[in-house]
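Chains, contacts and geometry: an overview
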Amino acid sequence: MSVERSVGKALVTGASRGLGAVIAERLAADGWHVLLNYAHDTAGASAVAGRVRAQGHSIEIVKFDVTSEEEVAAALAAAGPIAVVVNNATGPQPEIPVEDQTWDDHLDQLKFFVKAPLLILQAVLPGMKEAGTGRIINIGSEVADLGNPEFAQYVAAKMAMHGLTRSWARALGPFGITVNTVEPGWIPVERHADVAADSYESYTKTLALSHMGTPADVADTVAFFAADGSRFVTGQRIAVNGGKTMS
Ligand SMILES: NC(=O)c1ccc[n+]([C@@H]2O[C@H](COP(=O)([O-])OP(=O)(O)OC[C@H]3O[C@@H](n4cnc5c(N)ncnc54)[C@H](OP(=O)(O)O)[C@@H]3O)[C@@H](O)[C@H]2O)c1
């Protein structure tokens, strides 16, 4: 996918490592001034920002807890107009048998995938409306389609996140704002360092493309949605999973 150079600020939540870090690096390379968000891992965030600056690109670190009303409001009021939001941050994703799942387990996921995107949208919306353009990119998951067992709290929250995409696409389209969901498959990042090789082998057997994806595969698709070339695409979800799911 080709992208055009753009000028403006792009917020990437949860970018101190994992997919968010690579998305931040990619958007910075595309010319966005990246706001790198994280909540805990200061060394990780600094390392990502250092790599971006070493390439001559533009980035600043914006530390806040995406689930905190006060912190989101304060950080984004200080940030100025934002053109692109990538809702990527996640907390722990435990697998829990359905008999043991509590409402709090569900809230733990909903606060990342519904509450945080809502708080952030409400903070950036006045600036996007004034600019007459904007991009909201929600990072979903293929498990929303697969319905993985012992994971209903995460699956349901990712489905709810795509509900935001659909409803916001209609509500915000008249203001030139597009909203889309990017659904990664299993993409190994730092937290998967201890996964056994045979797990990758059995997963890749289920893919049309027979090999594991990389964070760059996800970042390329996010970059497309951030760029002008996606201007007539909204309310959609696209799986970046080597053809594991097909719609
Ligand atoms: N990797 C995969 O296989 C995969 C597959 C499907 C979907 N996804 C989705 O892709 C996204 C990224 O996943 P990942 O695997 O890259 O996760 P990850 O490696 O665990 O990274 C999570 C990021 O979120 C940040 N974070 C955690 N709590 C936060 C908070 N309260 N406020 C702000 N930031 C916070 C973490 O930084 P701090 O600890 O510094 O706060 C970290 O930068 C998630 O939405 C996930 O559901 C991933």
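Report on the accompanying structure.

**Looking at the environment of Ala-239**
Position of Ala-239 relative to the elements: it lies in strand S7 (residues 237–240). A relative accessible area of 32% places Ala-239 in the partly exposed class. Linking Ala-239 and Thr-221, residues 18 residues apart in sequence, is a C-alpha distance of 9.5 Å. Discounting chain neighbours no more than four positions away, the residues touching Ala-239 are Glu-183 and Thr-245.

**Things to note about the pattern of salt bridges**
Following the criterion strictly, the structure yields seven salt bridges and no others. Of the charged contacts in the structure, one is a salt bridge between Asp-145 and Arg-237, with a shortest N-O distance of 3.0 Å. Of the two residues, Asp-145 sits in helix H5 (residues 143–146) while Arg-237 sits in strand S7, which places them 92 residues apart along the sequence. A relative accessible area of 29% means that Arg-237 is categorised as partly exposed. In this structure, Asp-228 and Arg-231 form a salt bridge, with 3.2 Å as the shortest nitrogen-oxygen distance.

**So, the packing of aromatic side chains**
Under the counting rule described, the total for this entry stands at six aromatic pairs. On the numbers, 5.7 Å between centres and 75° between planes, the contact of Phe-113 with Tyr-154 is edge-to-face. Taken together, the positions of Phe-113 in helix H4 (residues 103–131) and Tyr-154 in helix H6 (residues 152–172) put the pair 41 residues apart, joining distant regions of the chain. Tyr-154 shares its class with Phe-113; the two are buried. The aromatic ring of Phe-175 is capped on one face by Lys-129, whose charged end is 4.4 Å from the ring centroid. The ring of Phe-113 carries Lys-158 above its face, with NZ or CZ at 3.6 Å from the centroid.

The rules we used
Throughout, a residue's number is its position along its own chain's written sequence, starting from 1. The predicted origin of the model limits local features to residues at a pLDDT of at least 70 and limits the giving and counting of side-chain atom pairs to 80 or more, whereas totals for whole chains, interfaces and linings rest on all residues. Values reported for side chains reflect all heavy atoms of the structure, with hydrogen atoms and water molecules removed beforehand. To qualify as a helix, a DSSP run of H or I must reach at least 4 residues; to qualify as a strand, a run of E must reach at least 2; elements of each kind are numbered from the N terminus. Working definition: with a 1.4 Å probe on protein chains only, accessible area under 20% of the residue-type maximum means buried, over 50% means exposed, and in between means partly exposed. Whether two residues are in contact is decided by their heavy atoms, any of which lying within 4.5 Å being enough. Throughout this description, the term salt bridge denotes a Lys or Arg side-chain nitrogen within 4 Å of a carboxyl oxygen of Asp or Glu. Side-chain rings of Phe, Tyr and Trp, where Trp is taken by its six-membered ring, are said to pair if the distance between their centres is within 6.5 Å; with planes under 30 degrees apart they count as stacked, over 60 as edge-to-face, and otherwise as tilted. Consider the ring centre and the ring normal. A charge sits over the ring if Lys NZ or Arg CZ is within 6 Å of that centre and within 35 degrees of that normal.

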